[in-house]
Amino acid sequence: MKTILNATLEIAYEEVGPADGPLVILTHGFPDDVHAYDGVAPPLADPGWRVIVPYLRGYGPTRFRDPATPRSGQQGALGHDLLSLMDVLGLGRAVLAGYDWGGRAACIVAALWPERVAGLVSITGYNIQNVATALQPASPDAEYRYWYQWYFHTERGRAGLSANRRPFCRKLWELWSPNYRFDDAEYERTANSFDNPDFVEVAIHSYRHRYGRRRVTPHSSPSRPSLQNSR
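Throughout what follows, the structure given in this document is the object of discussion. (Residues numbered from 1 in each chain as written. Predicted model: local features only at pLDDT ≥ 70, side-chain atom pairs only at ≥ 80, totals over all residues. Heavy atoms only, no water.)

## As for the overall build of the protein chain
Next up, step 1: Within the protein chain, the regular secondary structure consists of 9 helices and 7 strands.
Next up, step 2: Radius of gyration (C-alpha) of the protein chain: 17 Å, near the 17 Å computed for a compact globule of 231 residues.
Next up, step 3: For the C-alpha atoms alone, the extent of the protein chain along its principal axes is close to 50 × 40 × 40 Å.
Next up, step 4: Each of the 231 residues in the protein chain was classed as buried or not, and the buried ones make up 49%.
Next up, step 5: Counting every atom, the protein chain has about 11200 Å² of accessible surface; 54% of that belongs to carbon and sulfur.
Next up, step 6: For the protein chain, the distance from the average position of its 25 positive side-chain charges to the average position of its 24 negative side-chain charges is 7 Å. (Helix = DSSP H or I, 4+ residues; strand = E, 2+ residues; numbered from the N terminus. Rg over C-alpha atoms; globule rule 2.2 N^0.38 Å. Buried < 20%, exposed > 50% of the residue type's maximum accessible area, 1.4 Å probe, protein only. Areas by Shrake-Rupley, 256 points an atom, 1.4 Å probe, with all protein chains shown as cover. Lys, Arg positive; Asp, Glu negative; His and termini not counted. Charge placed at Lys NZ, Arg CZ, Asp CG, Glu CD.)

What follows is the structure, given as structure tokens:
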């Protein structure tokens, strides 16, 4: 594991492959971490790719540098984190691949800084949220699958994630991938990342912000306006 410092974070990341190889950055989602790519990074490194897998803000060893910084989980912050990782490491262009939160960060960098992107793999499709239309209801079948997002809009949801982060996130794994069989040891390798002191606040803000609630925490200043999908 390695780390870099930007203005806001100490970003932890794992790296495999030759330093002079073509670059690919793999970004994870919620609730997950770099272990999502344990079966992907080595096969990419073997033929010569330089593979970088960062822990997103609020996960694992990644830390905010200033206690007063709002614990924002909005998509613009995730995109900026990815771009700053490239800047600090002096990386000109990279293939970006990700899903969920990480896919969103990759899509944002590709949309706003296309000269930095040699290729884009956005798992599950185009990932930038259209916050301006987020309050338009979806079908009942789609809405009930978002139950955890509505739960996070309540203070009971914040307290529930804080008190039960391991069983809560495990339940999401089981619901989202009912045919995926994993044991306790495999889950714990990732669940350790949920012990990050900012995991709850970043996750709560992410799911509140996308539906128009801008406040990060009761004692913090408002976050910047959201990026919106122009498509």
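From this point, the discussion proceeds with the structure in view.
## Some thoughts on helix α7 (residues 165-176)
Next up, step 1: Taking 1.5 Å per residue, 12 residues should reach 16 Å; α7 reaches 16 Å between its end C-alpha atoms and fits that length.
Next up, step 2: For α7, the set of buried residues is R165, F168, C169, L172 and W173. The arc that holds the buried residues of α7, viewed along the axis, is 145 degrees, so those residues lie on one side.
Next up, step 3: The inward-facing, buried residues of α7 contact α5 (147-151), α6 (155-163), α8 (184-191) and α9 (199-209). (Expected span 1.5 Å × (residues − 1). Arc of directions from axis to C-beta. Contact = heavy atoms within 4.5 Å.)

## Structural notes on a nonpolar patch on the surface
Next up, step 1: Taken together, Y146, W147, W150, L175 and W176 make up a surface patch of nonpolar side chains, about 480 Å² in accessible area.
Next up, step 2: Elements with a contribution of two residues or more to the nonpolar patch: α5 and α7.
Next up, step 3: Mapping W147 onto the fold places it in helix α5.
Next up, step 4: By relative accessible area, which is 34% here, W147 ends up partly exposed. (Patch = residues over 30% accessible without salt bridge, like charges linked within 9 Å, V, L, I, M, F, W, Y side chains within 5 Å. Salt bridge = Lys/Arg side-chain N within 4 Å of Asp/Glu carboxyl O.)

## Notes on the packing of aromatic side chains
Next up, step 1: Enumeration over the complete set of coordinates arrives at 27 aromatic pairs.
Next up, step 2: Note on Y59 and F199: the rings are 5.4 Å apart at their centroids and 85 degrees apart in plane angle, and the pair reads as edge-to-face. On the criterion of sequence distance, the pair formed by Y59 in the loop between β4 (50-54) and β5 (63-64) and F199 in helix α9 is long-range, its members being 140 residues apart. Per residue, the accessibility class of Y59 equals that of F199, and both read buried. (Phe/Tyr/Trp six-rings, centres within 6.5 Å; stacked < 30°, edge-to-face > 60°.)

## A few points about the pairing of strand β3 (residues 23-27)
Next up, step 1: In terms of residue burial, β3 counts as a mostly covered element, since 5 of its 5 residues are buried.
Next up, step 2: Residues L23, I25 and T27 point to one face of β3 and V24 and L26 to the other, with burial holding for every one of them.
Next up, step 3: Strand direction decides the pairing type here: β3 and β4, joined by 3 bridges, are parallel. In the strand pairing of β4, L23 is matched with R50.
Next up, step 4: Bridge count between β3 and strand β6 (residues 94-99): 4 bridges; the pairing is parallel. When the sheet's bridge partners are listed, V24 is paired in β6 with V95. (Pairing = 2+ DSSP bridges.)

## Some remarks on the nonpolar core
Next up, step 1: The biggest cluster of nonpolar side chains holds 42 residues, and the ones touching the most others in it are I25, F30, L96, W101, F152, L161 and F199.
Next up, step 2: Considering each element in turn, this core owes the most residues, 6 residues, to α9.
Next up, step 3: Apart from the residues within four sequence positions on either side, F30 is in contact with Y59, D100, W101, Y148, F152, L172, W176, F199, A203 and Y207.
Next up, step 4: Within the second largest apolar cluster, 13 residues are counted, among which are L26, Y55, V95 and A97. (Core = buried A, V, L, I, M, F, W, Y, C linked by side-chain atoms within 4.5 Å.)

In short, geometric facts, not functional conclusions.
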